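A look at the structure
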Amino acid sequence: MELRLTVNGAQVSGDVEPRTLLVHHLRTALGLTGTKVGCDTSSCGACTVLLDGRSVKSCTVLAVQADGCEVTTIEGLADGDELHPLQAAFHDHHALQCGYCTPGMIMAAVSLLRERRPLDDAAVRRGLEGNLCRCTGYRGIVEAVLAVAASEDARPGAAGAAVAR
Amino acid sequence: MIPAPFAYERAASVEDAVARLARHGEDAKVLAGGHSLIPLLRLRFARPSVLVDIGRVPGLDGVRDDGELSIGAMTRYCDVEASPLVAEHAPLLAAAAAEVGDEQVRHRGTIGGSICHGDPASDVAAALLALGATVVVRGPGGERRIALEEFFVGFLETAIARDEILVEVRVPVTSAPWAFEKFNRRAQDWAIVGCAVLAGSEPRVALVNMATTPRRAPLVEEALARGASAREAADLASEGTEPPSDANASAQFRRHLASVLVRRALERASR
Ligand SMILES: Cc1cc2nc3c(=O)[nH]c(=O)nc-3n(C[C@H](O)[C@H](O)[C@H](O)COP(=O)(O)OP(=O)(O)OC[C@H]3O[C@@H](n4cnc5c(N)ncnc54)[C@H](O)[C@@H]3O)c2cc1C
Ligand code: FES
Ligand code: FES
């Protein structure tokens, strides 16, 4: 079946079998292997991408369900050589060890920062419930997300920062 | 795992979806948010030959107030949770929606899918039972309304016919005190047991995961109507239930949890 997506800002089209999961389409057909598969039960969140701006588990979305939609993966965050603020904060706060959960964790955090303000420690933990990390113990991850929230809030006239749902 | 092959069709309208279901018969399944169905397809517990996707049908999502709340079947949990109308007129439902899975699941799963799947562990189903909701389904013979109470028939079995689509959930508006309690061991998990309470002059109490279907707790409600205390009423929470025993909890532990959660919810709702 013919599938058209906008992935990280670029139009892509191709033919997919209806049973293809979005994560497999991204990784195999489009070569975007930043998005990981960590489980078979929709539990781990390693496959998290943005679908029309909202975090979803791409292992639990059929590629055909995303037809015509915008998909953002971890590859779409950095601006050239400049890391996205969350990527930089994960680096600064030791929010990763093996890194397997990190792409999904960051994409979930992008969505969280857009949708739920203000954020405190408990709200970040709750917001990242769908993402499991086997290595870090979460402390650094929560700190990284809070650091980005704080720096966005501090930016004068930051329109996106005060948006609450 | 990858699902077994199936054909995929995108419905343009409710009528179109109904016609496609009628044409394909037993082998077709409706696809909404996919967050119950796709996990089943991946495990190959379900092997439909055709999926009819209702995700793009215009007019199936959103919340309106027409005296009751009218919630479109395709309204996603996150939008139920964020709706000012739901917050004002049925806050119990917003609270239940906020407890489902995790953010990613709430971005995809729909209120209609949660009901049609017929899972006894559905959080919103219990809230909607306590709220006295009705569902509107449309099929080849037109539209019918079914009290949610009569909708759940057995484990993953409902009163909807194979060629019918649930289009709308209707919820009476209420300002009665309420509470939702959910017990699980890990944040994103399903309820081991949960309960929804709508207090007020005729209290209604519904249980998550205490039987083969979401269900009310009539003995608790009757005891409250007689003037029993929260504790006395809550002691009756597991009467008549058939809770499952599984890796998360024994039936006996679930019975205990039901009484504790119902008591907590009743106390919270009466504060
Ligand atoms: C990781 C994870 C955690 C979860 N945790 C919870 C939890 O804590 N609590 C909870 O309650 N749920 C939980 N769920 C399930 C979630 O709530 C599902 O989204 C929901 O049960 C199904 O809604 P859906 O729109 O995704 O339906 P789908 O999966 O698309 O469909 C489910 C069933 O209903 C039928 N159907 C759907 N819509 C209609 C319609 N309008 N008319 C007729 N038939 C229809 C389908 O044919 C299918 O049989 C979880 C799911 C996942 C993946
Ligand atoms: S791969 Fe684990 S949730 Fe998608
Ligand atoms: S850094 Fe290894 S799983 Fe999170």
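Keep in mind it's a predicted model, so treat the numbers as computed, not measured.

1. Some remarks on the overall build of chain A
When its secondary structure is counted, chain A shows five helices and five strands. When the elements of chain A are put in sequence order from the N terminus, they spell out β-β-α-β-β-β-α-α-α-α. Computed over the C-alpha atoms, the radius of gyration of chain A is 16 Å, within 12% of the 15 Å expected from 2.2 N^0.38 for a compact globule of 165 residues. Taking the principal axes of its C-alpha atoms as reference, chain A extends roughly 45 × 35 × 30 Å. For chain A, the residues scored as buried account for 52% of the 165 residues in total. Long-range contacts, defined here as pairs at least 24 residues apart, represent 58% of the contacts in chain A between residues at least 6 apart. With 15 positive and 19 negative side-chain charges, chain A shows a separation of 6 Å between the mean positions of the two kinds.

2. Things to note about the pattern of salt bridges
Should the charged atoms of two oppositely charged side chains come close, the side chains can pair. Counting across every chain of the model gives 33 salt bridges over all chains. One salt bridge in this structure joins A:Arg139 and A:Asp121, with 3.1 Å as the shortest N-O distance. In this pair, A:Arg139 sits in helix α5 (residues 139-154) while A:Asp121 sits in helix α4 (residues 121-127), placing the two residues 18 residues apart along the sequence. On the basis of relative accessible area, A:Arg139 is assigned to the partly exposed category, the value being 39%. Across the pair B:Lys182 and B:Asp123 runs a salt bridge, and its minimum N-O distance is 2.9 Å. Placement of B:Lys182 in strand β11 (residues 178-183) and of B:Asp123 in helix α8 (residues 123-130) is noted, with a sequence separation of 59 residues between them.

3. Focus on the layout of surface pockets
Space inside the second largest pocket adds up to approximately 380 Å³. Along its surface, the second largest pocket is lined by 21 residues, and A:Asp52, B:Gly55, B:Arg56, B:Arg76 and B:Arg108 are the ones closest to its centre. Put simply, the parts of the chain that give the lining of the second largest pocket at least two residues each are β4 (54-57) of chain A together with α6 (103-108) of chain B. For the lining of the second largest pocket, the per-class residue count stands at nine nonpolar, four polar and eight charged.

4. Description of the domain arrangement of chain A
Bring the parts together and some accessible area is lost; that lost area is often taken as the interface size. All names here are of chain A. According to the domain assignment, chain A contains domain 1 (2-75) and domain 2 (85-154). Facing the 18 residues of domain 1 at the interface are 14 residues of domain 2. Taken over both partners, the interface formed by domain 1 and domain 2 buries close to 1,200 Å², and the fraction arising from carbon and sulfur atoms is 60%. Joining domain 1 to domain 2, the criterion identifies zero salt bridges.

5. Side note on α5(A)
All names here are of chain A. The terminal C-alpha atoms of α5, which comprises 16 residues, lie 22 Å apart, in line with the 22 Å expected from a rise of 1.5 Å per residue. For α5, the set of buried residues is Gly140, Ile141, Val142, Ala144, Val145, Val148 and Ala149. Residues of α5 that are buried in the fold lie against α2 (85-92), α3 (102-115) and α4.

6. Section: unusual backbone geometry
Put simply, A:Arg117 and A:Pro118 share a cis peptide bond, and its omega is -5°. Along the polypeptide, A:Pro118 turns up in the loop between α3 and α4. Not every positive phi belongs to a glycine, and A:Asn8 is a case in point at roughly 50°. Residue placement: A:Asn8 occurs in the loop between β1 (2-7) and β2 (10-15). Residue A:Asn8 is classed as partly exposed on the basis of its relative accessible area of 28%. Positioned with a positive phi, B:Arg44 is a non-glycine residue whose angle comes to about 60°. Mapped onto the elements, B:Arg44 comes out in the loop between α2 (37-42) and β3 (50-53).

7. Details of the site of ligand 1
Around ligand 1, a shell composed of 32 residues is seen, among which B:Val30, B:His35, B:Leu37, B:Tyr77 and B:Thr110 lie nearest. Mapping the residues near ligand 1 onto chains gives chains A and B. Here a nitrogen atom of ligand 1 and a backbone polar atom of B:Leu166 are 2.9 Å apart. Take B:Asp189: an N or O atom from its main chain is 3.5 Å from an oxygen atom of ligand 1. A total of 970 Å² of accessible area belongs to ligand 1 in isolation, and the protein chains cover 95% of it. Of all the elements in the fold, those that place two or more residues in the shell around ligand 1 are β2 (28-31), α7 (111-117) and β10 (165-172) of chain B. Looking at the shell around ligand 1, the element that brings in the most residues is α7(B), giving four residues. Tallied by class, the residues present in the shell around ligand 1 amount to 15 nonpolar, 12 polar and five charged.

8. Observations concerning the sheet that holds strand β1 (residues 7-10) of chain B
All names here are of chain B. Strand order in the open sheet formed by three strands is β1-β3-β2, and the pairing between neighbours is parallel. In this open sheet, the two strands that pair with only one neighbour each are β1 and β2. Put simply, the sheet's adjacent strands are angled 25° from each other on average, direction ignored. Where β1 and β3 come together, four bridges link them in parallel fashion.

Calculation criteria
- The residue numbering used here restarts from 1 in each chain and proceeds along that chain's sequence as written.
- Naming scheme: in the order in which they are written, chains are lettered from A and ligands are numbered from 1.
- Under the rules for a predicted model, residues below a pLDDT of 70 receive no local features and side-chain atom pairs below 80 are neither given nor counted, while totals for whole chains, interfaces and linings still include all residues.
- By convention in this description, side-chain values take in all heavy atoms of the structure and omit both hydrogens and water.
- Each helix corresponds to a stretch of at least 4 residues labelled H or I by DSSP, and each strand to a stretch of at least 2 residues labelled E; elements are numbered beginning at the N terminus.
- Values of the radius of gyration come from C-alpha atoms, whereas the globule rule sets the reference at 2.2 Å times the count of residues to the power 0.38.
- In this scheme, a residue with accessible area under 20% of its type's maximum is buried, one over 50% is exposed, and one in between is partly exposed, where area comes from a 1.4 Å probe on protein chains only.
- Whether two residues touch is decided by their heavy atoms; if any such pair falls within 4.5 Å, the residues are in contact.
- In this tally, Lys and Arg are treated as positive and Asp and Glu as negative; His is ignored, and so are the chain termini.
- Throughout, a charge is located at the NZ atom of Lys, the CZ atom of Arg, the CG atom of Asp or the CD atom of Glu.
- Salt bridge, as used here, is a side-chain nitrogen of Lys or Arg placed within 4 Å of a carboxyl oxygen of Asp or Glu.
- Whether a set of points on the 1 Å grid over the protein atoms alone is a cavity depends on a 1.4 Å probe fitting there but being unable to get out, while an open set qualifies as a pocket with protein on both sides within 12 Å along at least five of seven lines; lining residues are those with an atom within 4 Å of a point.
- Grid points are joined across faces, edges and corners, and a volume is the space filled by probe spheres set on the points.
- For this classification, the nonpolar set comprises Ala, Val, Leu, Ile, Met, Phe, Trp, Tyr, Cys and Pro, the charged set comprises Asp, Glu, Lys and Arg, and every other residue, Gly included, is treated as polar.
- Source of the domain bounds: an automatic or database domain assignment.
- By buried area we mean how much accessible surface two parts lose on assembly, using a 1.4 Å probe and totalling the loss over both.
- Between the first and last residue of a helix there are one fewer steps than residues, each counted as 1.5 Å, and that sum is the expected span.
- Throughout, near means a residue has at least one heavy atom within 4 Å of the molecule or strand.
- Pairs of N or O atoms are called polar contacts if they sit within 3.5 Å, as long as, within protein, a hydrogen donor faces a hydrogen acceptor (for residues adjacent in sequence, only side-chain-to-side-chain pairs).
- Computed with a 1.4 Å probe, the accessible areas rest on the Shrake-Rupley method; for each residue, only the protein chains presented here act as cover.
- Paired strands are those between which DSSP finds at least two bridges.
- Every axis corresponds to a line fitted to the C-alpha atoms, with the helix fit spanning only the stretch in contact, and the corresponding angles, defined between N-to-C directions, vary from 0 to 180 degrees.

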